Amino acid sequence: VVVVVVEMKVFSAAVCVLVLVVCGCVCSSFAADGILYGLSSQMGMVSIDPDTGAISPLGNPLPDEAQAQNLATFDATRNIYYTIGYNLTTQANELLGLSVKDGSIVARVKLPFVTEGFVGVGEAVDVDPSNGEVFTVGLGADMNHHIYRVNPRSGSMKHLANCGYINVLGGAHTYDMTNDLLWLQYGVNSSGVVSIELFAYNAQTGDLIHHLPETQAKFIDTLTYHQYGNNIVGFGLNASTLTRTLMALDGKTAAITVVGEIKDFTMINGDIVTINSREGLLYGQLQPSNNSTAPFNLIAVDVTTAEVKTSAPLCSVYGLTGTDPADCPWSMEFAQTPHF
């Protein structure tokens, strides 16, 4: 049994798959130098035109797999799209590697995680492009979150850390190659008050390097490593004006700065983001202003100025209205065009 639940929280729309485990256009002449890959709501691989938002299926959906939003990573060297899925037949959490050519499964590793109702809540996945190993984070049987470094070719796993914090719906995560850190977002309960905080772990040893309480995290909602900028960028929120912002995080010092305000877009869908690092564009699924009936658009934001460079309808596909977050791709990853 699969039930889709939509939850709105602080200008972020999130969609979860609830598994009952007991029963088994900003006009622009700009053209992006690459393509977006993603997973549809039916768990099928798609390509997405970064400029027009046009979506093209690349293969058949995976009917036995349930997924969560913003739970994907792309190994550009090996052209493998990774996600953590929940197998509805075996009721097992799995690391799945998908071919971007046809969406077929090219790697499958069973993970030692448990699912409590909502698929993917509290989980994270990021790739280390230097060797193709994948960081997976999830809830263990001991009800603590665990970080593993997984070799998707051999299936071997190295346990890095135990991080026993509170699940966050659509929690931010990224691997910082410059500083070799895995960044995660979790909730912390302090005397009955829950705050949303950031943690950075050494990607080799699992040691906790940075811990940013909510006041220092400055309401940053998403995290994406910017290779060409040697930093992390993300969408945030000005808590005073409720205005969407662009933020930058220095992985070495853990300092967060506001780059600027993002005009005309507020609601973000599932914290689904990716980056065209070569051209300095952060992509997200956002809704214009506070118009709850407006379609979600695919927007590209300049990471140095916070200017919206392109905007195009994204979710009005297959005859759908585009106002339901569940109609949009559930994850997106940018693939740069190779230049030799």
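None of the values given here were measured: they were computed from a predicted structure. (Residues numbered from 1 in each chain as written. Predicted model: local features only at pLDDT ≥ 70, side-chain atom pairs only at ≥ 80, totals over all residues. Heavy atoms only, no water.)

Moving on, we come to the overall build of the protein. On a plain count of helices and strands, the protein comes out with one helix and 27 strands. Summing over all exposed atoms, the protein offers an accessible surface of approximately 13600 Å²; the carbon and sulfur share of this is 53%. (Helix = DSSP H or I, 4+ residues; strand = E, 2+ residues; numbered from the N terminus. Areas by Shrake-Rupley, 256 points an atom, 1.4 Å probe, with all protein chains shown as cover.)

Looking at the protein, the pLDDT average stands at 86 and 86% of residues meet or exceed 70. Element-level mean pLDDT values for the protein span from 33 in strand E1 (residues 2-9) up to 98 in strand E19 (residues 224-226). Every residue in residues 16-28 is under pLDDT 50, and counting partners more than four places away or in other chains gives 44 contacts. (pLDDT = per-residue confidence, 0-100. Contact = heavy atoms within 4.5 Å.)

This part covers the sheet that holds strand E16 (residues 181-190). Read across the sheet, four strands follow the order E15-E16-E17-E18 without closing on themselves; strand pairing throughout is antiparallel. Of all the strands in the sheet, the pair left with one neighbour each is strand E15 (173-176) and strand E18 (208-212). On average, each strand axis in the sheet is inclined to that of its neighbour by 30°, with strand direction left out of account. (Pairing = 2+ DSSP bridges. Axes fitted to C-alpha atoms, helices over the stretch in contact; angles between N-to-C directions.)

Turning next to the sheet that holds strand E27 (residues 331-336). Ordered by their spatial adjacency, four strands build an open sheet running E5-E4-E3-E27, and the pairing between neighbours is antiparallel. Across the chains shown, the open sheet's two edge strands, defined by having one partner strand only, are strand E5 (55-57) and E27. Strand-to-strand twist of the sheet, defined as the mean angle between neighbouring strand axes without regard to direction, takes the value 30°. In this structure, strand E3 (residues 34-39) lies alongside E27, joined through six bridges in antiparallel fashion. By the bridge assignment, glycine 34 is partnered in E27 with glutamine 336.

Residues Ile166, Val194 and Ile196 make up a contiguous nonpolar surface patch of about 210 Å² in total accessible area. Along the chain, isoleucine 196 falls in strand E17 (residues 193-202). Using a relative accessible area of 33% as the deciding quantity, one classes isoleucine 196 as partly exposed. (Patch = residues over 30% accessible without salt bridge, like charges linked within 9 Å, V, L, I, M, F, W, Y side chains within 5 Å. Salt bridge = Lys/Arg side-chain N within 4 Å of Asp/Glu carboxyl O. Buried < 20%, exposed > 50% of the residue type's maximum accessible area, 1.4 Å probe, protein only.)

On to the pairing of strand E14 (residues 157-163), then. Alignment of strand E13 (residues 145-150) against E14, held across six bridges, turns out to be antiparallel. Note that in E14 the partner of valine 150 across the bridge is methionine 157. Adjacent in sequence and paired antiparallel, E13 and E14 are bridged by six residues, among which glycine 155 carries a positive phi angle near 85°.

Turning our eyes to something else, we now look at the packing of aromatic side chains. As enumerated under the stated definition, the model contains six aromatic pairs in all. Judged by centre distance (6.0 Å) and plane angle (50°), the ring pair of phenylalanine 113 and tyrosine 148 falls under tilted. Of this pair, phenylalanine 113 sits in the loop between strand E10 (105-110) and strand E11 (124-128) while tyrosine 148 sits in strand E13, and the two are 35 residues apart along the sequence. For tyrosine 148, a relative accessible area of 15% corresponds to the buried category. Here the aromatic cluster, defined as three or more aromatic residues joined through ring pairs, consists of Tyr165, Tyr186 and Phe199. (Phe/Tyr/Trp six-rings, centres within 6.5 Å; stacked < 30°, edge-to-face > 60°.)

On to the environment of isoleucine 55, then. Tracing the backbone shows isoleucine 55 in strand E5. Measuring from C-alpha to C-alpha, the distance between isoleucine 55 and serine 40 comes to 9.3 Å, with 15 residues separating the pair along the chain.

The next point concerns the pattern of salt bridges. Applying the stated criterion across every chain yields a total of nine salt bridges. A salt bridge links arginine 244 to aspartate 221; its shortest N-O distance comes to 2.7 Å. Of this pair, arginine 244 sits in strand E21 (residues 243-249) while aspartate 221 sits in the loop between helix H1 (214-217) and E19, and the two are 23 residues apart along the sequence. Between glutamate 307 and lysine 309 there is a salt bridge, with the nearest N and O atoms lying 3.8 Å from each other. Here the residues in one salt-bridge network are Glu65, Glu94 and Arg108, joined through shared partners.

On to the nonpolar core. Residues Leu36, Ile48, Tyr283, Leu298, Leu314 and Met332 are the most contacted members of the largest nonpolar core, which totals 17 residues. Every element with two or more residues in this core is listed here: strand E4 (45-48), strand E23 (265-276), strand E24 (281-288), strand E25 (297-302) and E27. Beyond its immediate chain neighbours, meaning those up to four positions away, leucine 36 contacts Val46, Ser47, Ile48, Pro50, Thr274, Tyr283, Leu298, Glu333 and Phe334. (Core = buried A, V, L, I, M, F, W, Y, C linked by side-chain atoms within 4.5 Å.)

This paragraph deals with the pairing of E10. Where strand E9 (residues 92-99) lies against E10, five bridges are found, and the strand directions are antiparallel. Bridge pairing in E10 links leucine 96 to arginine 108. Taking the residues that link successive antiparallel strands as the turn, the E9-E10 hairpin has five residues, and the phi of glycine 103 there is positive, at about 75°.

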